[in-house]
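Listed here are the chains, written in short residue letters.
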Protein chains: 2
Amino acid sequence: MDRVVIGVDLGGTNTRTALVNREGIVLDKQKEATVAAGGHEQVIAKLIGNINRQRENAGRLGRTVIAVGVGAPGVIHEQTGVVVKSPNFPDWNNLPLRKTLELELGIPVIIENDANAAALGEQWRGAGSGIKSMIFLTLGTGVGGGIILGGRIWHGADGMAGEVGHMTISPDGRPCGCGNTGCLEMYASSRGIVMTFGEIWSQQDAAAPLPTGITSEQVYQAARSGEPIAARAMQDMGRSLGIGIANLINIFNPEMVVIGGGVRDAWDLFIDATRDEIRRRAFEYPAERTKILPSVLGDDAGMVGAAAVALQKIEA
Amino acid sequence: MDRVVIGVDLGGTNTRTALVNREGIVLDKQKEATVAAGGHEQVIAKLIGNINRQRENAGRLGRTVIAVGVGAPGVIHEQTGVVVKSPNFPDWNNLPLRKTLELELGIPVIIENDANAAALGEQWRGAGSGIKSMIFLTLGTGVGGGIILGGRIWHGADGMAGEVGHMTISPDGRPCGCGNTGCLEMYASSRGIVMTFGEIWSQQDAAAPLPTGITSEQVYQAARSGEPIAARAMQDMGRSLGIGIANLINIFNPEMVVIGGGVRDAWDLFIDATRDEIRRRAFEYPAERTKILPSVLGDDAGMVGAAAVALQKIEA
């Protein structure tokens, strides 16, 4: 019987589960809201339910599930699959997620950080196919990162590497939730875009009240319809992203930088400013040779990458 | 007969050549001025002379030299040992240094970038002994870097990785020779220290003329004797370095950061400010676990690391 794996992207908002074959093709997928407020026991119970439904699915397709990969937010201990710390699931500190799932499922389970999983997904079946050194940036509410060097994730000494969103790009800039000021995340995320829009609005016309409850999608839409403040906000965001990417190019000399997350949808509104800034700041040769591309897999990247991790483990 | 290697640190100012045994002990060393102005043929002729003198030395000590490692400034093509581009030796572009030396010497020669060689030297026999992930920063006229991950140098896709001195730490800051503005190198180098001293001096007392021809060593000395402008300049430098190191900690989660180069001599004048800034900016756990240490080997790091590269190659 054909052997397949299950890849799970366990996000703070949604849990995505996919049946993936050895070529990285998604045979089936499902999405369900994650209810973190109910505590880890409830999240895990639902997760096991989802995985078992996909196993039944696999059986109907004449396939056997041989392993499960889970991309989870936070710091993961590589060898043991323990979630050491997770900002989205406050009661998950030191949770032995791998052991818990393996006991229940009876097959090997591998846990990986969610941004790393998405990076591996893009490298396996997305923009970075065939690429050995790649930096993946996910621009959402925050800015996450996954660093692939020599074809493998660089986890760092404690599994905490890849926090590229917390690179300082403006030393006296906006205060960040991490305690620093001027983190890339405060400028190149959806939240950052809304803040920048608000700042320019206030500078331009202090008399007109700032519309409340503005979303990043509304800023994209306004920029596309030619609204100048929104357009400027997107270019500012692009320049901030360019400072961060120029730093990464000078540090890593990678083959590729892939940009995913919700902000990727506004690609055309920021990428020219980003490329200009990279040209201005990074060394010429590595800057010109580094391909800067939007993510291809989108929301599927995490599941596909989690499946890749599971397959790698089984085959090792 | 006991087999040994020769490690060479081919700098823009001095060429250092050492006889090194397999334990990384320097059996003999010599230093000579590099005369780059005479063109690459003259530099290579002197280099061969130095190496042959050390081979004779080895013979007298009852040892055989089995390989030579050379740390050279610039971009080195890893497989071929060609110096692709070297800022200190303008006529060296695309010079086949390895082939040239091997033809002359008749034993294997390995070429490595000089900052990478120094990083490997510190990891082998210096501050980073036993450490697998280490960022080496050399603070001299400029700021160079060597990145060791999983016990090996990360060279990047084209041998151009590790340019940590050209990380932007102040987007609208001082113009740098690389074309960027606000590079770490413009603040955390000996040149940067002199510039900062001059800036504070002018702000403090515009009437008093700035002493001309000030050196970084004079700034250290003044700071040590309690002169407040010099002391502030050193603290400013320490903070800038802290921004850069905090970024590297968030990106790499390394075990250790080692600081070498001439500015290391002023360690006590900047390190508290550096540590404060790291604490303020980097994630708490990786920041606390990363050891920040001064280089132990000093000027020997490059030769010892070049010897390590030669030994690794021979043993592989």
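Residues numbered from 1 in each chain as written. Chains lettered and ligands numbered in written order. Predicted model: local features only at pLDDT ≥ 70, side-chain atom pairs only at ≥ 80, totals over all residues.

1. Observations concerning the interface of chain B and chain A
Line of reasoning, step 1. Between chain B and chain A, the contact holds 33 residues from the first and 33 residues from the second.
Line of reasoning, step 2. If you list the elements that add at least two residues to the side of chain B that touches chain A, you get helix H7 (228–252), helix H8 (267–281) and helix H9 (284–289) of chain B.
Line of reasoning, step 3. Looking at the side of chain B that touches chain A, the element that brings in the most residues is H7(B), giving 6 residues. (Contact = placed C-beta atoms within 7 Å. Helix = DSSP H or I, 4+ residues; strand = E, 2+ residues; numbered from the N terminus.)

2. What to know about the domain arrangement of chain A
All names here are of chain A.
Line of reasoning, step 1. Along its sequence, chain A is carved into domain 1 (2–123 + 299–315) and domain 2 (131–294).
Line of reasoning, step 2. For domain 1 versus domain 2, the separation of C-alpha centres amounts to 28 Å.
Line of reasoning, step 3. Counting residues at the interface gives 13 residues for domain 1 and 15 residues for domain 2.
Line of reasoning, step 4. Elements supplying a minimum of two residues to the side of domain 1 that touches domain 2: strand S5 (75–77) and helix H3 (114–125). (Domains from an automatic or database assignment.)

3. Section: the relation of the copies chain B and chain A
Line of reasoning, step 1. Each copy of the sequence occupies a distinct position, and chain B is placed on chain A by a rotation of 180° and an axial shift of 0.0 Å, giving an RMSD of 0.0 Å. Taken together, these values place the two copies in the relation of a two-fold axis.
Line of reasoning, step 2. Comparing interface residues between copies, 100% of those in chain B also sit at the interface in chain A, which points to an isologous, same-surface contact. (Least-squares fit on C-alpha atoms with pLDDT ≥ 70 in both.)

4. Some thoughts on helix H5 (residues 190–204) of chain B
Residue and element names in this part refer to chain B.
Line of reasoning, step 1. Between the first and last C-alpha of H5 there are 21 Å, a value that for 15 residues agrees with the 21 Å anticipated at 1.5 Å per step.
Line of reasoning, step 2. Residues of H5 that are buried include every one of Ser190, Gly192, Ile193, Thr196 and Phe197, and no others. Viewed along the axis of H5, the buried residues span an arc of 155°, placing them on a single side of the element. (Expected span 1.5 Å × (residues − 1). Buried ≥ 20, exposed ≤ 12 C-beta atoms within 10 Å, placed from the backbone. Arc of directions from axis to C-beta.)

5. Looking at the nonpolar core
Line of reasoning, step 1. Within the largest apolar cluster, 196 residues are counted, with the highest numbers of intra-cluster contacts made by A:Ala307 and B:Ala307.
Line of reasoning, step 2. Looking at this core, the element that brings in the most residues is H7(B), giving 13 residues.
Line of reasoning, step 3. When near neighbours in sequence (up to four residues on either side) are disregarded, A:Ala307 contacts A:Val5, A:Ile6, A:Gly7, A:Ala18, A:Val20 and A:Gly69. (Core = buried A, V, L, I, M, F, W, Y, C linked by C-beta atoms within 7 Å.)

6. Quick notes on the sheet that holds strand S12 (residues 291–294) of chain B
Residues and elements named next belong to chain B.
Line of reasoning, step 1. In space, the 5 strands of this open sheet follow the order S10-S9-S8-S11-S12, with mixed pairing throughout. Looking at which strands have only one partner, the edges of the open sheet turn out to be strand S10 (152–153) and S12.
Line of reasoning, step 2. Summarising the sheet, strand S11 (residues 256–260) and S12 pair through 4 bridges and their orientation is parallel. Its bridge partner being in S12, Ile259 is matched across the sheet by Pro294. (Pairing = 2+ DSSP bridges.)

7. With respect to helix H2 (residues 97–105) of chain A
All names here are of chain A.
Line of reasoning, step 1. Residues Leu97, Arg98 and Leu101 constitute the buried set of H2. Considered in projection along H2, the buried side chains sweep an arc of 95° and stay on one side of the axis.
Line of reasoning, step 2. Residues of H2 that are buried sit in contact with strand S4 (63–72), strand S6 (82–85) and strand S7 (109–113).
Line of reasoning, step 3. Positioned one or two residues after H2, Gly106 has a phi angle of 75°, which is positive.

8. With respect to the pairing of strand S3 (residues 26–33) of chain B
Residue and element names in this part refer to chain B.
Line of reasoning, step 1. Strand direction decides the pairing type here: strand S2 (residues 14–20) and S3, joined by 7 bridges, are antiparallel. When the bridges of S3 are listed, Ala18 appears paired with Lys29.
Line of reasoning, step 2. The hairpin turn running from S2 into S3, its antiparallel successor, is 5 residues long, and Gly24 in that turn takes a positive phi close to 85°.

9. Overview of the sheet that holds S2(B)
Residue and element names in this part refer to chain B.
Line of reasoning, step 1. Taken in spatial order, the 5 strands make up an open sheet running S3-S2-S1-S4-S7, and their pairing is mixed. The sheet terminates laterally at S3 and strand S7 (109–113), the two strands that pair on one side only. Neighbouring strand axes in the sheet, compared pairwise and without regard to direction, differ in orientation by 20° on average.
Line of reasoning, step 2. Relative to S7, strand S4 (residues 63–72) is paired through 5 bridges, and the arrangement is parallel. Across the sheet, residue Val68 finds its bridge partner in S7, namely Val109. (Axes fitted to C-alpha atoms, helices over the stretch in contact; angles between N-to-C directions.)

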